[in-house]
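Architecture at a glance
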Amino acid sequence: MAETPETADQYFERYREIIPDYPAFLEALSQPLPLYFRLNTLKVRDPSPVMEGLSRQGFRVEPVPQVPWFFRVEPREFSLGNTEEYYLGLIYPMTLSSSLPVYALEPRPGELILDLCAAPGSKTTQIAQHTEDQAVIVANDRRLDRITALVANLRRLGIACVVTTVYRGEQYPLEVSFDKVLVDAPCSGEGRYRRGYEGELLFQKEGRTNLSGIQKGLIVRAYDLLKPGGILVYSTCTINPEENEAVVDYLLRKRQAELLDWEAPLPSHPGLTEWAGRPFHPHLVKAKRFYAHEIEAVGFFVAKLRRVA
Amino acid sequence: MKGKNRKKLDPQATWPRLIPEEEREEILRYLENRFGIPPEIFNSYEFLATAKNYWLFVRTPHLRALEKLRIQTAGLLFLRKVSGYLKPTTAALQRFGVYARRGILDLDRYTLDRLRLEKKIPFTCSLEPGYVILRCEGKIWGCGLYLPEKLISYLP
Ligand SMILES: C[S@@+](CC[C@H](N)C(=O)[O-])C[C@H]1O[C@@H](n2cnc3c(N)ncnc32)[C@H](O)[C@@H]1O
């Protein structure tokens, strides 16, 4: 007998207790995702010609006051990928919250940084921009086709500080140690769900594979790739505690890592210290949850850790 | 336009070699002579070489360590050696062309569109023949080749 597919409302019901202002959350799911881009300051400092160019093409563009170099665009149904500004590498379309892991990472010029799950490169290019193209970034993804897309983005933005590799993250060679590692993990993508739009079935399809297992493998390897005292940022765009707090909790039990506070430019909620009757390490309150309806972007989870030993 | 300029990556790619000082000087001299780009702009970068290409990569003491990785690409494809001449890539000019003081061709919108469409158009200007920076309405588009009475586009 065929099961009737679960509706979004039924699916998210399991998070009713943890999502603040749950009715507002459900309400937001009916809106298409807002559209944003990052200005590529490696090529332009002054946003006015870009804003003017885009408005000539029918876009309304507003800077996001809390997050430097990010702009919100309407109509959100249009694609920025066909504009001249995109072609010339002046802009990088990405959701606003996708900038958060790089805020936690605080990359600096000269640092050796690994972006373990990097394609198509929104965060890699943001790190490059943040460090004026002067950090050394290794951008890895297990899929060659996705690395090809990342390389096209690097070329488009004019970035020279990136090396690209194609390894399974869990088996990344241990010969090189890094100052910082970003794990923007493959996830069920619940945070990007909107009714009838992109992401519709993702959480139902991928929810059945063992994502949590893959994520645990990635976070432990990321830790092992750090120099002592090095910084690890773990992020996902899902609400699911099994893919978030449970993964970080697993690392804390396997390795000597400590959770760190960090300052986020958007409103957040503390990480959970308990889920489905299972307690997590109390320091998980230092992780941050970002909900779609509060930040008007894709929902995110970000944890910042330090390698102790 | 999205995805159009994607090239196949070489899965067998190996690390490009770090070039000797004289070769670097040669590159910097070319960029200065042809485009007036001051050499200091590249103080924090290395040039790495493969058979026919030069790549721009951030200067780092970690280069040796990184060579242990099996890589797909390192840095930005910057110059190509084309029949004995150096040809800057469009990506290089889009990023560093703002520092240029000569070798710049300002095109009106109509001529740019025509050039992009036809790839090669009849054209006369006062510039020395050779590679040029294509600019339109203040924005740098990339690399072209000016030869007596014609202009060739290398825009992707
Ligand atoms: C959330 S996406 C990354 C988005 C990217 N960080 C950005 O900001 O543009 C997750 C990526 O992980 C890659 N991936 C999946 N499993 C992996 C593994 N075992 N090792 C490395 N990368 C993996 C996927 O191909 C996908 O590109």
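In this report, the structure presented in the accompanying data block is examined. Note that this is a predicted model, so its numbers are computed, not measured.

**Some details on the overall build of chain B**
- The number of helices and strands found in chain B is 4 helices and 11 strands.
- Relative to the compact-globule value of 15 Å for 156 residues, chain B shows a C-alpha radius of gyration of 17 Å, a close match.
- Over its C-alpha atoms, taken along the principal directions, chain B stretches across nearly 50 × 35 × 30 Å.
- Taking the contacts inside chain B whose residues are at least 6 apart along the sequence as the reference set, 59% of them involve residues at least 24 apart.
- Surface accessibility of chain B: about 8,300 Å² in total, with carbon and sulfur atoms responsible for 51%.
- Both charge centroids of chain B, one from 28 positive and one from 17 negative side chains, sit 8 Å from each other.

**Examining the pattern of salt bridges**
Residues and elements named next belong to chain A.
- All told, the structure shown has 29 salt bridges over all chains when counted by the stated rule.
- Between glutamate 242 and arginine 278 there is a salt bridge, and its shortest N-O distance comes to 3.3 Å. With glutamate 242 in the loop between strand S9 (226–236) and helix H10 (245–254) and arginine 278 in strand S13 (residues 278–279), this pair connects stretches of sequence that are 36 residues apart.
- Note on glutamate 242: relative accessible area 28%, which makes it partly exposed.
- Between aspartate 249 and arginine 253 there is a salt bridge, and its shortest N-O distance comes to 3.1 Å. Of this pair, aspartate 249 and arginine 253 both sit in helix H10, 4 residues apart, which is roughly one turn of that helix.
- The class for aspartate 249 is buried, based on a relative accessible area of 6%.

**Points about the packing of aromatic side chains**
All names here are of chain B.
- As enumerated under the stated definition, the model contains 23 aromatic pairs over all chains in all.
- For the ring pair phenylalanine 42 and phenylalanine 78, a centre distance of 5.6 Å and an interplane angle of 80° mean the geometry is edge-to-face. In this pair, phenylalanine 42 is assigned in the loop between helix H1 (21–35) and strand S2 (45–49) and phenylalanine 78 in strand S5 (residues 76–82), connecting sequence segments 36 residues apart.
- Look at phenylalanine 42 and you get buried, because its relative accessible area is 1%.
- Note on phenylalanine 78: relative accessible area 2%, which makes it buried.
- The interplanar angle of 85° and the centroid separation of 6.3 Å between the aromatic rings of phenylalanine 123 and tyrosine 146 together place this pair among those described as edge-to-face. Taken as a pair, phenylalanine 123 in the loop between strand S8 (120–122) and strand S9 (130–136) and tyrosine 146 in strand S10 (residues 139–147) lie far apart in primary sequence, 23 residues in all.
- For phenylalanine 123, a relative accessible area of 17% corresponds to the buried category.
- What makes tyrosine 146 buried here is its relative accessible area of 4%.

**A word on the interface of chain B and chain A**
- Contact with chain B, which involves 35 residues of that partner, is made by 45 residues of chain A.
- Taken together, both faces of the contact between chain B and chain A bury some 3,500 Å²; the carbon and sulfur share is 60%.
- At the junction of chain B and chain A, the tally comes to 4 salt bridges.
- When the shortest N-O distance is used, the salt bridge between B:Lys139 and A:Glu85 registers 3.6 Å.
- For the side of chain B that touches chain A, the secondary structure elements donating two or more residues are strand S3 (53–58), helix H2 (63–66), strand S4 (71–74), helix H3 (90–96), helix H4 (109–118) and S10 of chain B.

About the cut-offs
- Residues numbered from 1 in each chain as written.
- Chains lettered and ligands numbered in written order.
- Predicted model: local features only at pLDDT ≥ 70, side-chain atom pairs only at ≥ 80, totals over all residues.
- Heavy atoms only, no water.
- Helix = DSSP H or I, 4+ residues; strand = E, 2+ residues; numbered from the N terminus.
- Rg over C-alpha atoms; globule rule 2.2 N^0.38 Å.
- Contact = heavy atoms within 4.5 Å.
- Areas by Shrake-Rupley, 256 points an atom, 1.4 Å probe, with all protein chains shown as cover.
- Lys, Arg positive; Asp, Glu negative; His and termini not counted.
- Charge placed at Lys NZ, Arg CZ, Asp CG, Glu CD.
- Salt bridge = Lys/Arg side-chain N within 4 Å of Asp/Glu carboxyl O.
- Buried < 20%, exposed > 50% of the residue type's maximum accessible area, 1.4 Å probe, protein only.
- Phe/Tyr/Trp six-rings, centres within 6.5 Å; stacked < 30°, edge-to-face > 60°.
- Buried area = accessible area lost by both parts, 1.4 Å probe.

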